[in-house]
2 protein chains.
Amino acid sequence: MTTEKSLIDSALRGWKSNIEEADKLFGGLSPEQLEQEVAPGKNRLIYLWGHLAAVNDRLLPLLGIGERLHPEFDDMFISNPDNSVQLTVSGQILKAAWQEINQKLGEGIAKFSASDWAERHTAVSEQDFEREPHRNRFAVLLGRTAHLAYHVGQAALAQRKT
Amino acid sequence: MTTEKSLIDSALRGWKSNIEEADKLFGGLSPEQLEQEVAPGKNRLIYLWGHLAAVNDRLLPLLGIGERLHPEFDDMFISNPDNSVQLTVSGQILKAAWQEINQKLGEGIAKFSASDWAERHTAVSEQDFEREPHRNRFAVLLGRTAHLAYHVGQAALAQRKT
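Read on for a plain summary of the structure. (Residues numbered from 1 in each chain as written. Chains lettered and ligands numbered in written order. Predicted model: local features only at pLDDT ≥ 70, side-chain atom pairs only at ≥ 80, totals over all residues. Heavy atoms only, no water.)

1. Looking at the overall build of chain A
In terms of helices and strands, chain A carries eight helices and zero strands. Seen along its three principal axes, the alpha-carbon backbone of chain A occupies a region of about 50 × 30 × 25 Å. Burial analysis of chain A (162 residues in total) assigns 49% to the buried set. Taking contacts inside chain A between residues at least 6 apart in sequence as the whole, the part at least 24 apart equals 65%. Put simply, chain A shows about 7,800 Å² of open surface, and 48% of that area lies on carbon and sulfur atoms. When the 18 basic and 22 acidic side-chain charges of chain A are each reduced to a single mean position, those positions are 3 Å apart. (Helix = DSSP H or I, 4+ residues; strand = E, 2+ residues; numbered from the N terminus. Buried < 20%, exposed > 50% of the residue type's maximum accessible area, 1.4 Å probe, protein only. Contact = heavy atoms within 4.5 Å. Areas by Shrake-Rupley, 256 points an atom, 1.4 Å probe, with all protein chains shown as cover. Lys, Arg positive; Asp, Glu negative; His and termini not counted. Charge placed at Lys NZ, Arg CZ, Asp CG, Glu CD.)

2. What to know about the side chain of H121(B)
When you line up the elements, H121(B) lands in the loop between α6 (114–117) and α7 (126–131). Excluding residues within four positions of it along the chain, H121(B) makes contact with L62(B), R135(B), N136(B), R137(B) and V140(B).

3. So, the interface of chain A and chain B
Counting residues at the interface gives 33 residues for chain A and 33 residues for chain B. Approximately 2,700 Å² of surface area, both sides summed, lies buried where chain A meets chain B, with 69% of it carried by carbon and sulfur atoms. Of all residues in chain A, L7(A), Y150(A) and L157(A) bury the most surface against chain B, accounting for 21% of the area lost on that side. Along the contact surface separating chain A from chain B lie zero salt bridges. Here chain A and chain B share eight residue pairs in polar contact (both at pLDDT 80 or more) between them. (Buried area = accessible area lost by both parts, 1.4 Å probe. Salt bridge = Lys/Arg side-chain N within 4 Å of Asp/Glu carboxyl O. Polar contact = N/O pair within 3.5 Å; in protein donor to acceptor, adjacent residues only side chain to side chain.)

4. Side note on the packing of aromatic side chains
For any pair of aromatic rings, geometry is given as the distance between the ring centres together with the angle between the planes. One pass over the full model with this rule turns up 11 aromatic pairs over all chains. A centroid spacing of 5.5 Å and a plane angle of 5° characterise the contact between F26(A) and W49(A), whose relative ring orientation is stacked. Of this pair, F26(A) sits in helix α1 (residues 3–27) while W49(A) sits in helix α3 (residues 45–62), and the two are 23 residues apart along the sequence. Like W49(A), F26(A) is buried. Taken together, the aromatic side chains of F112(A), W117(A), F138(A), F112(B), W117(B) and F138(B) make up a single cluster linked through ring pairs. The ring of F112(A) carries R137(A) above its face, with NZ or CZ at 4.5 Å from the centroid. (Phe/Tyr/Trp six-rings, centres within 6.5 Å; stacked < 30°, edge-to-face > 60°. Lys NZ or Arg CZ within 6 Å of the ring centre and 35° of its normal.)

5. Details of the packing of helix α1 (residues 3–27) of chain B against helix α5 (residues 91–110) of chain B
Residues and elements named next belong to chain B. Where α1 contacts α5, the axes come no closer than 12 Å and their chain directions differ by 170°. Between α1 and α5, the angle falls in the class roughly antiparallel. Taken together, the residues of α5 that come into contact with α1 (itself represented by L12, W15, I19, A22, D23 and G27) are K95, W98, N102, L105 and I109. (Axes fitted to C-alpha atoms, helices over the stretch in contact; angles between N-to-C directions. Parallel < 35°, antiparallel > 145°, perpendicular 65-115°, else oblique.)

6. Some details on the pattern of salt bridges
Residue and element names in this part refer to chain A. The tally for this structure, following the rule as stated, stands at 20 salt bridges over all chains. Across the pair E21 and K24 runs a salt bridge whose closest N-O atoms are separated by 3.8 Å. Of this pair, E21 and K24 both sit in helix α1, three residues apart, which is roughly one turn of that helix. Here K24 falls in the exposed class, since its relative accessible area comes to 65%. The closest approach of N and O atoms between D57 and R68, which form a salt bridge, is 2.9 Å. Linking D57 in helix α3 with R68 in the loop between α3 and α4 (73–77), this pair joins segments that are 11 residues apart in sequence.

7. Looking at the side chain of T145(A)
All names here are of chain A. Turning to its location among the elements, T145 is positioned in helix α8 (residues 137–155). Taking relative accessible area as the criterion, T145 reaches 8% and is therefore assigned buried. Side-chain polar atoms of T145 contact the backbone oxygen of L141, separated by 2.7 Å. Apart from residues no more than four positions distant in its own chain, T145 is found in contact with G14, W15 and N18.

As C-alpha cells, then:
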C-alpha cells in the first residue's frame, strides 16, 4: 500500500468506527429513550441523532457526491436549537434516513482517489483554494469525524430510561 | 504541496484545533469550576482534563517521540474512574503539565515525514504490522483527535459555577 493510500485508509477507518459508535448508541433506542436529554436542560438524544444525520446529508453535495437526500432536516436539527421546532420525524424514520444517508455517503467516498481527497470541497472557490489548499475534502472528512465523536461523547452520558 | 503533505497537514490542523478547543474549555477554570461534573453523577472536569493530559502523555512513547513526562497521571486519570483515587494534582499543576506535554508532542510530530506517519506505532510488532498496515502513527493521531473531541463535547455540557 502506498503512503497516500495508507493515510486515507486510516481516516476512512476512523470515520466508519465513529459511525458505528453512533449506530450502537442511537440505533436501538425506543421513542421514549430518544426523548432523554444528555444532561439536564441539554439536547435530547433524538435531536443529536437528527443533527448528525443532517450534517452527514450535507456532506453529499459538499464532497461532490450528489444531491442531498433530506434537506428538510436542517430546519429541525441544524438551523434551530432543540425543542424550538416541532419534529416531524419519528425515531424509526430517522433511523432509516440515517442508514440511507450513510450508505450513499459511504459509496461515494469509497470511490475517491488520493488526489480526489486533496481536492477542494464545493464550498470553497478555486481562487480561495489556491491560497488555502488545506480546505480540501480530506479536511472535511476529518472535521466531521471529530464532530461526530464530540456528539457521540455527549450522547453516551444520557441516563437511559429503561 | 504534494498530496501526502496535504493530507497530513489537514490531520495536524484537526489535532491542533481540538487541542485549542480543550485549552479554551479547561484552561481558564477555577479550582471550584474544575470540580463540576459534566452531568449528574458523571466525570468531573478536572478528571476529564487529567485524562486527556495522560492520554497525550502516552502518545510520546507510542509515537516514538520520547519518554513520558507524567506517568504518575495514569493511576489517577486512566486506570481508575473518577472519585476513586485521591487526586494529588491541582488545576494549576495540571495546566502546566498539559502545556508541557502538548509542547513536546507538538515538536515531535512536526518532525514526522509522510512515511514516518505511515510507519507502525510502538505498540504493534513488525510482524503484526505486516498483516495490519493500518496500525500506523497516523491512525493513532486520528484516533486520539476523535477521543479528544469526544471528551471536549462532554466537558462543554458542564454548567459552570460562577
